[in-house]
Amino acid sequence: IERPKLGCAPANYTAADGSIQREYYPEFFPEAANYDANAGPYGTDYQVALNYEFYGEEFDLGGQILHTDAMSACTMLEATHFDDFHDWQAEWVTGDDGFVRFTLDGKLQYHVPGSALATPRPVTFADGRQSPGTLLPRKVPDEAMYMILNVDVSPRWGWNYCDESKCDCCEDCKLSRCTTCIEQDGAGNSFNSRQWLAELCAELPGEYEIDYV
């Protein structure tokens, strides 16, 4: 399993042994050969897609490389999701046939089958680094857990693309260089490509109400 570059969708790559491999989890990427749209992880009632801004992390702990693995999706919310109450549900089923499933008003957002975790996956690096081995089978956790309900605003969750060669891609609402980046479209018209962030900042601070759990 090769982690894609942040901000990029998974793609084919040539492994160190010369074979053609696909990055990430093929069953979570619609263009992969073995992707099953009928049993796919993304709902069709909303605009849901792979979150290509976060695949996990790589840490160097004094020469010991640690990799974390992550799979997630982003849902395009509608205006009513900010103005009214909605039912959000997380189903968590353990065991070999378990899964984690997220729904909004009874409609599927994202589904992670336990089989995706249970499949051993060789870890490879497209840059030719030596493979650290195999990602061993895992399972949907069955230990006691709890849920934190919060508001999280992060560039890793569906933010608009920012070209660092043209803009200062920062996120501080107090700095105009973060909320302003003047570019030109194909017709030569100037526009602020960070206007969306300026408008988001204008709505802060924000809050949301939870009716029941």
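Everything numeric here is computed off the predicted structure, so don't read it as measured data. As a convention, each chain's residues are numbered from 1 in the sequence order in which they are written. Note on the predicted model: pLDDT of at least 70 is required for a residue's local features to be given, and 80 or more for side-chain atom pairs to be given and counted; whole-chain, interface and lining totals, by contrast, use all residues. The basis for the side-chain values is all heavy atoms of the structure; hydrogens and waters are excluded.

Student: Explanation requested: the overall build of the chain in the structure shown.
Tutor: Secondary structure summary: the chain contains 3 helices and 13 strands in total. Along the three orthogonal principal directions, the C-alpha set of the chain runs to about 50 × 45 × 40 Å. Expressed as a percentage of its 213 residues, the buried residues of the chain come to 29%. In the chain, the share of contacts with a sequence separation of at least 24, taken over all contacts with a separation of at least 6, comes to 44%. Reported accessibility uses the Shrake-Rupley method at a 1.4 Å probe radius. Residues are deemed covered only where the shown protein chains occlude them. Working note: accessible area of the chain is about 14400 Å², and carbon and sulfur atoms make up 51% of it. Positive and negative side-chain charges of the chain, numbering 14 and 36 respectively, have mean locations separated by a distance of 6 Å. Secondary structure is summarised from DSSP: a helix means a run of H or I of at least four residues, a strand means a run of E of at least two, and numbering begins at the N terminus for each. Each residue's exposure class comes from its accessible area (1.4 Å probe, protein chains only) as a fraction of the maximum for that residue type: buried when under 20%, exposed when over 50%, partly exposed otherwise. Any two residues whose heavy atoms approach within 4.5 Å at even a single point are treated as in contact. Neither His nor the chain ends contribute to the count of charged residues, in which Lys and Arg are positive and Asp and Glu negative. For charged residues, the charge sits on one atom: NZ in Lys, CZ in Arg, CG in Asp, CD in Glu.

Student: Quick question: what am I supposed to make of the environment of Leu-77 here?
Tutor: Here Leu-77 shows up in the loop between β6 (73–75) and β7 (88–93). Owing to a relative accessible area of 41%, Leu-77 belongs among the partly exposed residues under this scheme. Sequence-wise, Leu-77 and Val-48 are 29 residues apart; in three dimensions their C-alpha atoms are separated by 9.4 Å. Those residues within four positions of Leu-77 in sequence are excluded, and the remaining contacts are Phe-82 and Leu-104.

Student: Help me understand the pairing of strand β8 (residues 99–104) in this model?
Tutor: Moving residue by residue along a regular strand, the side chains alternate between the two faces of the sheet. Strand pairing requires that DSSP identify at least two bridges connecting the strands. Relative to β8, β7 runs antiparallel, the two sharing 6 bridges. In the strand pairing of β8, Val-93 is matched with Phe-99. Examined bridge by bridge, β8 and strand β9 (residues 107–113) share 6 bridges and lie antiparallel to one another. Bridge pairing in β9 links Arg-101 to His-111. Linking two consecutive strands that pair antiparallel, namely β8 and β9, is a turn of 2 residues; a positive phi of about 55° is found at Asp-105 within it.

Student: Looking at this structure, I do not really get the state of the cysteines. What am I missing?
Tutor: Note on terminology: disulfide describes a covalent bond linking the sulfur atoms of two cysteines. What counts as a disulfide here is a pair of cysteine sulfur atoms lying within 2.5 Å. Counting across every chain of the model gives 4 disulfides. Put simply, Cys-162 and Cys-169 are joined by a disulfide, and their sulfur atoms are 1.9 Å apart. One quick way to see it: the torsion about the S-S bond of Cys-162 and Cys-169 is about -85°, and its sign makes the bridge left-handed. For the chain, the bonded cysteines pair up as 1-3, 2-7, 4-6, 5-8 when numbered in the order they occur along the sequence.

Student: I would appreciate a short explanation of the confidence of the model for the chain in the present structure.
Tutor: Low pLDDT means the predicted atomic positions in that stretch should not be read closely. Averaged over all residues, the pLDDT of the chain equals 83, while 92% of them reach at least 70. Each residue carries a pLDDT score, the predictor's own confidence in it, on a scale running from 0 to 100. The secondary structure element of the chain with the lowest average pLDDT is strand β2 (residues 20–22), at 73, and the one with the highest is strand β13 (residues 190–192), at 94.

Student: Explain the layout of surface pockets to me, please; I cannot follow it from the model alone.
Tutor: If you roll a probe as big as a water molecule over the atoms, it shows you where there is empty space left. Any residue with an atom within 4 Å of a point lines the site, the site being either a cavity, points on a 1 Å grid over the protein atoms alone where a 1.4 Å probe fits but cannot get out, or a pocket, an open set with protein on both sides within 12 Å along at least 5 of 7 lines. Grid points are joined across faces, edges and corners, and a volume is the space filled by probe spheres set on the points. Of the voids in this model, the second largest pocket is the one considered here, and its volume is about 480 Å³. What lines the second largest pocket is a set of 17 residues, and nearest its centre among them are Glu-53, Pro-155, Tyr-161, Cys-162 and Glu-164. Residues are sorted three ways: Asp, Glu, Lys and Arg are charged, Ala, Val, Leu, Ile, Met, Phe, Trp, Tyr, Cys and Pro are nonpolar, and all the rest, Gly among them, are polar. The residue makeup of the lining of the second largest pocket, split by class, is 9 nonpolar, 2 polar and 6 charged.

Student: Sorry if this is basic, but what is going on with the packing of aromatic side chains here?
Tutor: To describe a pair of aromatic rings, you give the distance between the ring centres and the angle between the ring planes. Centres within 6.5 Å are what make two rings of Phe, Tyr or Trp a pair, Trp counting through its six-membered ring; a difference in plane orientation under 30 degrees is then read as stacked, over 60 as edge-to-face, and the rest as tilted. In total, this model carries 6 aromatic pairs according to the counting rule given. Geometrically, the ring pair formed by Tyr-25 and Phe-28 is edge-to-face, given 5.9 Å between the ring centres and 75° between the ring planes. Residue class for Tyr-25 comes out buried when judged on its relative accessible area of 0%. The criterion for a charge sitting over a ring is simple: Lys NZ or Arg CZ within 6 Å of the ring centre, and within 35 degrees of the ring normal. Across from the ring centre of Phe-99, 4.1 Å away, lies the NZ or CZ of Arg-101, which sits over that ring.

Student: Looking at this structure, I do not really get the pattern of salt bridges. What am I missing?
Tutor: Think of it this way: side chains of opposite charge can pair up when their charged atoms draw near. One speaks of a salt bridge when a side-chain nitrogen belonging to Lys or Arg is within 4 Å of a carboxyl oxygen belonging to Asp or Glu. Counted by the stated rule, this structure contains 6 salt bridges. Between Arg-101 and Glu-91 there is a salt bridge whose closest N-O contact spans 3.4 Å. With Arg-101 in strand β8 and Glu-91 in strand β7, this residue pair connects regions lying 10 residues apart in the sequence. The class of Arg-101 is partly exposed, set by a relative accessible area of 25%. A salt bridge links Lys-174 to Asp-172; its shortest N-O distance comes to 3.4 Å. Accessibility expressed as a relative area gives 73% for Lys-174, which makes it exposed. Of the residues examined, Asp-172 reaches a relative accessible area of 29% and is grouped as partly exposed.

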